[in-house]
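Here is how the chains run, residue by residue.
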Amino acid sequence: MTARPAAGADARMRLYAFHCGTERSDWAVFDPFDARVGEKILSPYFLYLVRHPQGWVLVDTGLNPALRSDPRAYLGDAADSFSVERLDESDDVVGKLSMLGLAPGDVQHVVQTHLHFDHAGGLGNFRHARIYVQARELAFAHWPAVYQRDIYVRSDFDGAFRWKELDGDYDLFGDGRIVLLATPGHTPGHQSVLLRLDGRPVILIADAHYLVEKMRQRLLPSVVWSPDAMVASWQRLEELEEREGALLLSTHDPEFASRMRLAPDDWYE
């Protein structure tokens, strides 16, 4: 087990990117008009942990272990649409935190980029924490449109949570180091996260697009709430990227192994 990295006023901000399972997807998910549609590709799942002087911040909570043990009971008939290639016992949020010597109780701040099942499956471990979500996302998740109904699992986010419902951008600690960015398009309340690390800023674009390259080409993925809002969010992210000199990280990049620093052994700071 990796030694627990201390948080505190003297600690540099640090970002840990945890790979937490893999799905076998069709190229159509990334771009329905790609010439490779019909071919399968391995698409990762990710969650992120940020060390800030004021405490640990979790960005997304990954998959629910029920997806491994009984996917049909968890997803219903939608289980037939998702082919999980790898989901180890250590791939849930509890297992990932334990790699740094942490437990859910050590995390007091959880940012949900959105509430699809592959991003919100571990929320039940954090009923003690403050959960930051766009108000529009929470409303849509409870009453989703028919074309996204299968990718919200109400049991993930139902019941008593300490929600902090947001309406637009939000500076998490008031110091400009962790800023939540409203980036609707994938869902009505999708948000990305700007991290002003000491070395280089990073923007976790989450599912604003699955592939940065496709975003650059203005090619839409298959799961979209509003194409117009999505394109506007891309423009905003690229403007921030240029102004901040930031690195963009997407959650489902198939080339993650060669492009990302993977926790727990490596990190960004």
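Scroll up for the structure.
All values reported here derive from a predicted model rather than from experimental measurement.

**Let's talk about the overall build of the protein**
Right, so step 1: Within the protein one finds 10 helices and 12 strands.
Right, so step 2: For the protein, whose C-alpha radius of gyration is 17 Å, the value lies close to the compact-globule estimate of 18 Å for 269 residues.
Right, so step 3: Its C-alpha atoms give the protein principal-axis dimensions of about 50 × 40 × 35 Å.
Right, so step 4: Residues classed as buried in the protein amount to 57% of the 269 residues present.
Right, so step 5: Of the contacts made within the protein by residues no fewer than 6 positions apart, 66% connect residues no fewer than 24 positions apart.
Right, so step 6: Accessible surface, the protein: about 11100 Å² in total, of which carbon and sulfur atoms supply 48%.

**Notes on helix 6 (residues 135-142)**
Turn by turn, an α-helix covers 3.6 residues, leaving residues three or four places apart pointing in a common direction.
Right, so step 1: Residues of helix 6 that are buried: E137, L138, F140, A141 and H142.
Right, so step 2: Next to the buried residues of helix 6 lie strand 6 (130-134), helix 7 (154-157) and strand 7 (162-166).

**Considerations on the packing of aromatic side chains**
Right, so step 1: Tallied over the full model, the rule gives 9 aromatic pairs.
Right, so step 2: Between F30 and Y210, the ring centres sit 5.9 Å apart and the planes meet at 80°, which makes this aromatic pair edge-to-face. Placement of the pair is F30 in helix 1 (residues 27-30) and Y210 in the loop between strand 11 (202-206) and helix 8 (212-216), with a sequence separation of 180 residues.
Right, so step 3: Taking the relative accessible area as the measure of exposure, F30 reaches 1% and is therefore buried.
Right, so step 4: Judged by centre distance (6.0 Å) and plane angle (15°), the rings of F46 and Y48 are stacked.
Right, so step 5: We classify Y48 as buried; its relative accessible area is 1%.
Right, so step 6: Put simply, the rings of Y16, F18 and W267 pair up and form one aromatic cluster.
Right, so step 7: When the ring centre of F161 is taken as reference, the NZ or CZ atom of R127 above it lies at 4.2 Å.
Right, so step 8: Seen from the ring of W143, R154 lies directly overhead, with NZ or CZ sitting 5.2 Å from the centre.

**Side note on the nonpolar core**
Right, so step 1: One finds L49, L115, L123 and F126 to be the most contacted residues of the largest nonpolar core, which totals 45 residues.
Right, so step 2: Per element, the largest residue contribution to this core is 4 residues, and it comes from strand 2 (residues 40-52).
Right, so step 3: Once residues within four sequence positions are removed from consideration, L115 is found in contact with A120, L123, V133, E137, L138, A141, I151, Y152 and F157.
Right, so step 4: Among the nonpolar cores identified, the runner-up in size contains 24 residues, and M13, V59, L166 and L204 belong to it.

**Describing the environment of L123**
Right, so step 1: Positionally, L123 belongs in the loop between helix 5 (117-120) and strand 6.
Right, so step 2: The class of L123 is buried, set by a relative accessible area of 0%.
Right, so step 3: It is 9.6 Å that separates the C-alpha atoms of L123 and D158, two residues lying 35 residues apart in sequence.
Right, so step 4: The contact partners of L123, leaving out residues within four places of it in the chain, are T61, V110, Q112, L115, I131, D156, F157, F161 and W163.

**Let's talk about the layout of surface pockets**
Right, so step 1: In this model, the largest pocket occupies a volume close to 460 Å³.
Right, so step 2: Considering the residues around the largest pocket, the lining is formed by 27 residues, among which V29, F82, I151, Y210 and V223 are closest to the centre.
Right, so step 3: When residues of the lining of the largest pocket are traced back to their parent elements, those giving at least two are strand 1 (14-26), helix 1, strand 2 and helix 5.
Right, so step 4: When residues in the lining of the largest pocket are grouped by element, the largest group, 3 residues, is from strand 1.

Conventions used here
Residues numbered from 1 in each chain as written. Predicted model: local features only at pLDDT ≥ 70, side-chain atom pairs only at ≥ 80, totals over all residues. Heavy atoms only, no water. Helix = DSSP H or I, 4+ residues; strand = E, 2+ residues; numbered from the N terminus. Rg over C-alpha atoms; globule rule 2.2 N^0.38 Å. Buried < 20%, exposed > 50% of the residue type's maximum accessible area, 1.4 Å probe, protein only. Contact = heavy atoms within 4.5 Å. Areas by Shrake-Rupley, 256 points an atom, 1.4 Å probe, with all protein chains shown as cover. Phe/Tyr/Trp six-rings, centres within 6.5 Å; stacked < 30°, edge-to-face > 60°. Lys NZ or Arg CZ within 6 Å of the ring centre and 35° of its normal. Core = buried A, V, L, I, M, F, W, Y, C linked by side-chain atoms within 4.5 Å. 1 Å grid on protein atoms, 1.4 Å probe; cavity = no way out; pocket = protein on both sides within 12 Å on 5 of 7 lines; lining within 4 Å. Points joined across faces, edges and corners; volume = space filled by probe spheres on them.

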